[in-house]
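Structure at a glance
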Amino acid sequence: MNVVLSLILTASPLLLITLGALISEYAGRLAMFMESIINLGAFFCFVFSLKFNSLFLGIVLSVLICTLIVFILDLISTKLNASVFLISIAINLLLSALCSFLSAQIFGTRGVLYDQNFVFSQTNAKIISSVFCYISSFAIIFTLYFSRTGLKIRITGSDPDVLSAQGNNPMNFRFLSWIIASSAGALAGCAYAMRISSFVPGMSGGRGWTALAAVFLGRKNPLFVIGAVFVFSIAEYASSYIQNISVFEHIPSSVLLALPYIISLVLILIIPQKKQLEEK
């Protein structure tokens, strides 16, 4: 498998996660729970695939249940007039704890989950999961930029009064933004579970936070956001294979594995400064 194809396959779940986060940012309520929804989506995919002996049902039920959980929590917090930022963080912590709790209750362990009935060809799993992730990503982009619903979502965060004046309730589009974000995160989690044929606690590996960084760096411009996703994907790919190069063999593996996050931090620090200089 050549490098370009490997990068395309590596980037697909992260792109989907990032677009889910982007749509929530447009609605003015960035989904800070993306990290844990990925893990929960992967866990439910593993559980339901084994329960019904069907990967398709595992994926569908995982996405539906993850989305339903986030929607219910969002609805309750809205009724209580809670801070959106704090609720988003709280949901992230709650979903993380829920995943660990359910794993202990169902399988008697909080560790790695593996089963012979949940084993896939790594190459086929990457290709199939990437196809679904790119199709879903295209659907989000089309909805966001080529539909009336997408237009309303994009102005929900910046001009909610315009929606109200047209007889639309901005809160409905805020709910919709988290529904799409949670669905995207859960589907990406299913993709990661398929790729390693198991469930590993914390398997999101910080990609939920990386997606938020990509939205921040791209300044809500879809082309820049997609560009940031591929930059991070290149860093992720490099961190996995650079250890095999003799020049880097003396560098601790922990440092190489942290490469995507180091690049995220550097870009976050540098890009705003460049923008300020340009404005001056």
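Notes on the structure in this doc start here. Everything quoted here is computed from the prediction, not taken from an experiment.

Procedures and definitions
- Residues numbered from 1 in each chain as written.
- Predicted model: local features only at pLDDT ≥ 70, side-chain atom pairs only at ≥ 80, totals over all residues.
- Heavy atoms only, no water.
- Helix = DSSP H or I, 4+ residues; strand = E, 2+ residues; numbered from the N terminus.
- Buried < 20%, exposed > 50% of the residue type's maximum accessible area, 1.4 Å probe, protein only.
- Contact = heavy atoms within 4.5 Å.
- Areas by Shrake-Rupley, 256 points an atom, 1.4 Å probe, with all protein chains shown as cover.
- Axes fitted to C-alpha atoms, helices over the stretch in contact; angles between N-to-C directions.
- Parallel < 35°, antiparallel > 145°, perpendicular 65-115°, else oblique.
- Left-handed = near helix turned anticlockwise from the far one by under 90°.
- Nonpolar A, V, L, I, M, F, W, Y, C, P; charged D, E, K, R; others polar.
- Polar contact = N/O pair within 3.5 Å; in protein donor to acceptor, adjacent residues only side chain to side chain.
- Phe/Tyr/Trp six-rings, centres within 6.5 Å; stacked < 30°, edge-to-face > 60°.

**Quick word on the overall build of the protein**
For the protein, the helix and strand inventory stands at 12 helices and zero strands. Secondary structure of the protein in N-to-C order comes out as α-α-α-α-α-α-α-α-α-α-α-α. Taken over 280 residues, the protein has a buried fraction of 44%. Summarising the internal contacts of the protein: among those between residues at least 6 apart in sequence, 77% fall at separations of at least 24. A total accessible area of about 14,000 Å² is found for the protein, and carbon and sulfur atoms account for 67% of it.

**Considerations on unusual backbone geometry**
A positive phi is found at N81, a non-glycine position, where the angle reads about 55°. Among the structural elements, N81 can be located in the loop between α3 (55–79) and α4 (84–107).

**What about the packing of helix α1 (residues 3–26) against helix α8 (residues 170–196)?**
Pairs of packed helices are described in terms of their axes, by the angle between the two and the distance that separates them. The contact between α1 and α8 brings their axes to 7 Å, and the two run at 165°. With respect to α8, the element α1 is oriented roughly antiparallel. Viewed along their axes, α1 and α8 form a crossing whose handedness is left-handed. Within the contact between the two elements, α1 uses L9, T10, S12, P13, L14, L16, I17, G20, I23 and S24 and α8 uses S177, W178, I180, A181, A184, L187, A188, A191, Y192 and R195. In the contact of α1 with α8, the residues fall into 14 nonpolar, five polar and one charged.

**Examining the side chain of T156**
Along the chain, T156 turns up in helix α6 (residues 148–156). A polar contact is formed between the side chain of T156 and the backbone oxygen of K152, at a distance of 2.6 Å.

**Thoughts on the packing of aromatic side chains**
A complete count under the given rule lists 13 aromatic pairs for this structure. Arranged with centres 6.3 Å apart and planes meeting at 20°, the rings of F48 and F52 form a pair that is stacked. Here F48 pairs with F52, and both are found in helix α2 (residues 34–52), just four residues apart, close to one helical turn. According to the relative accessible area criterion, F52 is partly exposed, its value standing at 42%. Arranged with centres 4.9 Å apart and planes meeting at 80°, the rings of F118 and F120 form a pair that is edge-to-face. Residue F118 is classed as buried on the basis of its relative accessible area of 0%.

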